[in-house]
Amino acid sequence: MSLLEKLLRSKVVVWILLVLPGAWALKPLFRPDPSDADPLKSTLLHLGLIACILLATVLSFTPLRVLFPKWGVALALNRHRRLVGVSVFAYALLHFTAHVLHVYDGGFETLAKEIQKPFQLTGLVALIILLALSITSVNAAIRWLGGKAWKNLHRLAYLAAALAAYHQAAARKIFPMQVVWIFGPLVLLEIARIWKQRTKPKAV
């Protein structure tokens, strides 16, 4: 077993990897940079970025396991799918909260107008999907919904990823290559997974 695999099997290590980016994102609120005119906006942008990265990361766990079934790192990562998935919602919720606080400075009317923008609505729908997935991530939900219904529900994570990618891209004046770097590898992995599963010889 490699050192990387051993580290990724540890919940403590995974918790640290999940929490540290949040501490970095929240830093401008507690230790503002004099050159940063809007630390709250910097925080909400960083939180959104982390949520997108983690969403693309957790969705890559399954294709990595399918493509490399004997790779210890892929197997170790899949042990933490639920934890990473819930952390995606946590960061998305923090991002939404920071956004509301930032926009609300202009009053309720400004907030109401802001939420009607298409990219804001897609972000809100993605957040609602992530909320539903987090609530049903416990074992009791699997028993209550049934395995097939639970799987179908959790496939909505891919819709959430598509909405998050649009939300992130449309929030900027120019097309951000950042979206390509975050979600591009996931798309390639999914294509490779589908191709492998469809070309796999059927057992006689």
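Here is what the cut-offs are and how they apply
Residues numbered from 1 in each chain as written. Predicted model: local features only at pLDDT ≥ 70, side-chain atom pairs only at ≥ 80, totals over all residues. Heavy atoms only, no water. Helix = DSSP H or I, 4+ residues; strand = E, 2+ residues; numbered from the N terminus. Buried < 20%, exposed > 50% of the residue type's maximum accessible area, 1.4 Å probe, protein only. Salt bridge = Lys/Arg side-chain N within 4 Å of Asp/Glu carboxyl O. Expected span 1.5 Å × (residues − 1). Bend = angle between axes of the 7 residues up to and from the residue. Phe/Tyr/Trp six-rings, centres within 6.5 Å; stacked < 30°, edge-to-face > 60°. Patch = residues over 30% accessible without salt bridge, like charges linked within 9 Å, V, L, I, M, F, W, Y side chains within 5 Å. Areas by Shrake-Rupley, 256 points an atom, 1.4 Å probe, with all protein chains shown as cover. Axes fitted to C-alpha atoms, helices over the stretch in contact; angles between N-to-C directions. Parallel < 35°, antiparallel > 145°, perpendicular 65-115°, else oblique. Left-handed = near helix turned anticlockwise from the far one by under 90°. Contact = heavy atoms within 4.5 Å. Nonpolar A, V, L, I, M, F, W, Y, C, P; charged D, E, K, R; others polar. Core = buried A, V, L, I, M, F, W, Y, C linked by side-chain atoms within 4.5 Å.

Caption draft 1: Just the overall build of the protein, in detail. In terms of regular secondary structure, the protein is built from eleven helices and zero strands. Seen in sequence order, the protein has helices and strands lined up from the N terminus as α-α-α-α-α-α-α-α-α-α-α. Here the C-alpha coordinates of the protein stretch approximately 65 × 40 × 35 Å along the principal axes. Counting all 204 residues of the protein, 38% fall into the buried class.

Caption draft 2: Layout of the pattern of salt bridges. Considering all chains together, one arrives at two salt bridges under this definition. Linking Glu 5 and Arg 9 is a salt bridge whose minimum nitrogen-to-oxygen distance equals 3.4 Å. Of this pair, Glu 5 and Arg 9 both sit in helix H1 (residues 3–9), four residues apart, roughly one helical turn. The exposure class of Glu 5 is buried, given its relative accessible area of 11%. Taking the shortest distance from any N to any O, the salt bridge between Glu 190 and Arg 193 comes out at 2.7 Å. Taken together, the positions of Glu 190 and Arg 193, both in helix H11 (residues 177–199) and three residues apart, correspond to about one turn of that helix. Each member of the pair, Glu 190 together with Arg 193, is buried.

Caption draft 3: Highlighting helix H3 (residues 39–67). For H3, which comprises 29 residues, the first-to-last C-alpha distance of 42 Å matches the rise-based estimate of 42 Å (1.5 Å per residue) to within 8%. Most pronounced at Phe 61, the bend in H3 amounts to some 30°, and the proline Pro 63 follows within four residues.

Caption draft 4: Fine view of the packing of aromatic side chains. According to the stated counting rule, one finds one aromatic pair in the structure shown. Plain terms: the ring middles of Phe 68 and Trp 71 are 5.8 Å apart, the flat faces sit at 80° to each other, and that makes the pair edge-to-face. Using a relative accessible area of 42% as the deciding quantity, one classes Phe 68 as partly exposed.

Caption draft 5: Examining a nonpolar patch on the surface more closely. Judged by side-chain polarity, Val 12, Ile 16 and Leu 20 come together as a nonpolar surface patch covering roughly 290 Å² of accessible area. Within the element layout of this structure, Ile 16 appears in helix H2 (residues 11–30). Note on Ile 16: relative accessible area 44%, which makes it partly exposed.

Caption draft 6: Region of the structure containing the packing of H2 against H3. As a packed pair, H2 and H3 sit with axes 7 Å apart at the nearest point and diverge in direction by 165°. Relative to H3, the element H2 lies roughly antiparallel. Every pair of crossing elements has a handedness; the one defined by H2 and H3 is right-handed. Between H2 and H3, the residues in contact are Leu 18, Pro 21, Gly 22, Trp 24, Ala 25, Leu 26, Pro 28 and Leu 29 and Pro 39, Leu 40, Thr 43, His 46, Leu 47, Ile 50 and Leu 54, respectively. Its residues placed into classes, the contact of H2 with H3 shows twelve nonpolar, three polar and no charged.

Caption draft 7: Just the nonpolar core, in detail. Among the nonpolar cores identified, the biggest contains 46 residues, and Leu 54, Leu 55, Val 58, Leu 59, Leu 130 and Phe 183 are the most heavily contacted of them. Listed by contribution, the elements that provide at least two residues to this core are H2, H3, helix H4 (72–78), helix H5 (81–104), helix H7 (118–135), helix H10 (156–170) and H11. Of all the elements, H3 adds the most residues to this core, at 15 residues. Beyond its immediate chain neighbours, meaning those up to four positions away, Leu 55 contacts Val 88, Leu 130, Ala 157, Ala 160, Ala 161 and Ala 164.

Caption draft 8: Broad picture of the packing of H3 against H10. The contact between H3 and H10 brings their axes to 10 Å, and the two run at 145°. Judged by the sense of rotation from one axis to the other, the crossing of H3 with H10 is left-handed. Between H3 and H10, the residues in contact are Leu 49, Cys 52, Leu 55 and Leu 59 and Ala 157, Tyr 158, Ala 160, Ala 161, Ala 164 and Gln 168, respectively. Looking at side-chain class alone, the contact of H3 with H10 contains nine nonpolar, one polar and no charged residues.

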